[in-house]
Amino acid sequence: MKKTNAFEGKIISEIVYVNNAHKKRVPDGRGGTKEIAVPGKMLDFYWEVRGRRSYLFRQRYTGGVHEIFKDGVRDFEVRNFRRWNRNPRLDKTLDKIPVYIADALRESA
């Protein structure tokens, strides 16, 4: 998938409560362990252009990422991000955004 750096609008995150947010290993009572789904928070990311929202992706909730994206991050702020290596989860999220926007552009065309 080709990355695109030219897009307009802003990226917004919203908290979603999910019944099976992640898996956890717990004792099964017979000396072994089993995996169970644990409820928790997830972040849904949207691309908003001229009042119209397009869903991009979902990832596990982290406070630092949500703080940055909760009010929306403009396109030029994503492209000119300068605080690399301070929050690895934020770095990975910012790397994913252009790929998902390219996918959304392809679907809307």
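Higher on the page you've got the structure.
Structural notes, computed from the coordinates. (Residues numbered from 1 in each chain as written. Predicted model: local features only at pLDDT ≥ 70, side-chain atom pairs only at ≥ 80, totals over all residues. Heavy atoms only, no water.)

A few points about the overall build of the protein chain
Argument step 1. From N to C terminus, the protein chain includes 3 helices and 4 strands.
Argument step 2. Ordered by position from the N terminus, the helices and strands of the protein chain form the series β-β-β-α-β-α-α.
Argument step 3. Taking as baseline every contact in the protein chain between residues at least 6 positions apart, the subset at least 24 positions apart corresponds to 57%.
Argument step 4. As presented, the protein chain carries roughly 7,400 Å² of accessible surface, and 46% of it is formed by carbon and sulfur atoms. (Helix = DSSP H or I, 4+ residues; strand = E, 2+ residues; numbered from the N terminus. Contact = heavy atoms within 4.5 Å. Areas by Shrake-Rupley, 256 points an atom, 1.4 Å probe, with all protein chains shown as cover.)

As for the pattern of salt bridges
Any two side chains of opposite charge can pair, on the condition that their charged atoms come close.
Argument step 1. For the coordinates displayed, the defined rule picks out 8 salt bridges.
Argument step 2. Put simply, Arg53 and Glu14 hold a salt bridge, and the shortest N to O gap is 2.4 Å. Residue Arg53 is located in strand E3 (residues 52–60), and its partner Glu14 is located in strand E1 (residues 10–27); the two are separated by 39 residues in the primary sequence.
Argument step 3. The class of Glu14 is partly exposed, set by a relative accessible area of 32%.
Argument step 4. Across the pair Arg30 and Asp28 runs a salt bridge whose closest N-O atoms are separated by 3.6 Å.
Argument step 5. On the basis of relative accessibility, which here comes to 74%, the residue Arg30 falls in the exposed class.
Argument step 6. Asp28 gets classed as partly exposed once you look at its relative accessible area, which sits at 24%. (Salt bridge = Lys/Arg side-chain N within 4 Å of Asp/Glu carboxyl O. Buried < 20%, exposed > 50% of the residue type's maximum accessible area, 1.4 Å probe, protein only.)

Section: the pairing of strand E2 (residues 33–49)
Argument step 1. Here E2 pairs with E3 via 8 bridges, running antiparallel. When the bridges of E3 are listed, Leu43 appears paired with Gln59. (Pairing = 2+ DSSP bridges.)

Structural notes on the side chain of Ser13
Argument step 1. Along the chain, Ser13 falls in strand E1.
Argument step 2. A polar atom in the side chain of Ser13 sits 3.1 Å from the side chain of His66.
Argument step 3. Not counting the four nearest positions on each side in its chain, Ser13 is found in contact with Leu43, Asp44, Phe45, His66, Phe69 and Lys70. (Polar contact = N/O pair within 3.5 Å; in protein donor to acceptor, adjacent residues only side chain to side chain.)

Comments concerning the nonpolar core
Argument step 1. Counting 18 residues, the largest nonpolar core has Ile11, Phe45, Trp47, Leu56, Phe69 and Ile97 as its most contacted members.
Argument step 2. With 5 residues, the single largest contributor to this core is helix H3 (residues 88–108). (Core = buried A, V, L, I, M, F, W, Y, C linked by side-chain atoms within 4.5 Å.)

Quick word on H3
Argument step 1. Compared with an ideal rise of 1.5 Å per residue, which puts 21 residues at 30 Å, H3 spans 31 Å between its outermost C-alpha atoms and is within 8% of the ideal.
Argument step 2. Among the residues making up H3, those that are buried are Leu90, Asp91, Thr93, Leu94, Ile97, Pro98, Ile101, Ala102 and Ala104.
Argument step 3. Looking at where H3 begins, the residue whose side-chain oxygen comes 3.1 Å from the main-chain nitrogen of Arg89 is Asn87. (Expected span 1.5 Å × (residues − 1).)

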